[in-house]
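Geometric and topological summary
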Amino acid sequence: MTANTPVLPLATDEADALVAAARRAADEQGIRTAVTVLDAGGHLLAFRRDDRAVLIAGETSTRKAFTALQLGTPTADLVDAVQPGALFHTLPTALDRPLLFIAGGVPLHRDGRLIGAVGIGGGAPEQDHGIATAAIEEVLGG
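First, a word on what this report is: a plain description of the structure on this page. Here the structure is a predicted model, which means the values were calculated and not measured. Throughout, residues of each chain are indexed from 1 in the direction in which the sequence is written. Residue-level local features of this predicted model are given only where pLDDT is at least 70; pairs of side-chain atoms are given and counted only at 80 or more, and the full residue set underlies all totals for whole chains, interfaces and linings. Water and hydrogen atoms play no part in the side-chain values, which are based on all heavy atoms of the structure.

**A short note on the pairing of strand 2 (residues 44-49)**
- Any two strands between which DSSP finds at least two bridges are classified as paired. We count a stretch as a helix when DSSP gives it H or I for four or more residues in a row; a strand needs E for two or more, and each element gets its number in order from the N terminus. As paired elements, strand 1 (residues 34-39) and strand 2 share five bridges and run antiparallel to each other. From the neighbouring strand, A34 faces strand 2, where its bridge partner is R49.
- Between strand 1 and the antiparallel strand that follows it, strand 2, lie four residues; G42 among them carries a positive phi value of about 85°.

**What to know about the nonpolar core**
- Throughout, nonpolar core names a set of buried Ala, Val, Leu, Ile, Met, Phe, Trp, Tyr and Cys residues whose side chains join them through atoms within 4.5 Å. A 1.4 Å probe rolled over the protein chains alone gives each residue an accessible area, and that area as a share of the maximum for its type sets the label: buried under 20%, exposed over 50%, partly exposed in between. Within the largest apolar cluster, 22 residues are counted, with the highest numbers of intra-cluster contacts made by L18, V35, V37, L108, V118, I120 and I131.
- Those elements that place two or more of their residues in this core are helix 1 (12-29), strand 1, strand 3 (105-110), strand 4 (113-121) and helix 4 (125-140).
- Contacts are assigned to residue pairs with any non-hydrogen atoms lying within 4.5 Å of each other. Setting aside its immediate chain neighbours within four residues, L108 contacts L10, L18, V37, R113, L114, I115, G116, A117, V118, I136 and L140.
- If you look at the next biggest cluster of nonpolar residues, it comprises 10 residues, including A68, L78, F101 and A117.

**Examining the sheet that holds strand 1**
- Taken in spatial order, the four strands of this open sheet run 2-1-4-3, and their pairing is antiparallel. On the outer flanks of this sheet lie strand 2 and strand 3, each paired with one strand and no other. Across this sheet, the average inter-strand angle for adjacent strands is 15°, counted without regard to direction.
- The pairing of strand 1 with strand 4 spans six bridges and is antiparallel. Paired with V37 across the strands is V118, a residue of strand 4.
- Each of strand 1, strand 2, strand 3 and strand 4 touches helix 2 (residues 56-71); the most contacted strand, strand 4, lies at about 155° to it. Between the N-to-C directions of two axes lies an angle of 0 to 180 degrees, each axis being a line fitted to C-alpha atoms and, for a helix, fitted only over the stretch in contact.

**Considering the environment of A86**
- In this fold, A86 is placed in the loop between helix 2 and helix 3 (91-94).
- You can call A86 partly exposed: its relative accessible area is 25%.
- Note: C-alpha distance between A86 and D111 (25 residues apart in sequence) is 32 Å.
- Residue contacts for A86: discarding those within four places in its chain leaves D80 and A81.

**Re unusual backbone geometry**
- With a phi close to 50°, D111 is a non-glycine residue in the positive phi region.
- You can see D111 is positioned in the loop between strand 3 and strand 4.

Everything listed is a geometric property; what it means functionally is a separate question.
Structural data, given as structure tokens:
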């Protein structure tokens, strides 16, 4: 695959399927979540907050997805990099962007190219990351 080879963008039906898969994974664990799916340009494709999820879950899911998209890596992999003395310690405050360095945001790739991101909020960070990766595996195959 070359950089000039077209890659299908993330479609709305895939975004809806990611939300449904994430909600199933969360329900299996009894976790009330919010799910955000962004396309490669950072535009909202799908969003759903469980009625009983904490209200902040919607904001955290969106910020996690945005962070994963902008940096092209799962937010779980960035937590240590923004700690005091670490390489990206000042990144969370250096930009005027809604970045959030808590596990639960995962970039989406197709044929090695970034096509979007999913963010989960509402559970513990490790739970949110697990729900996101389970949804991605189910819908996009990993």
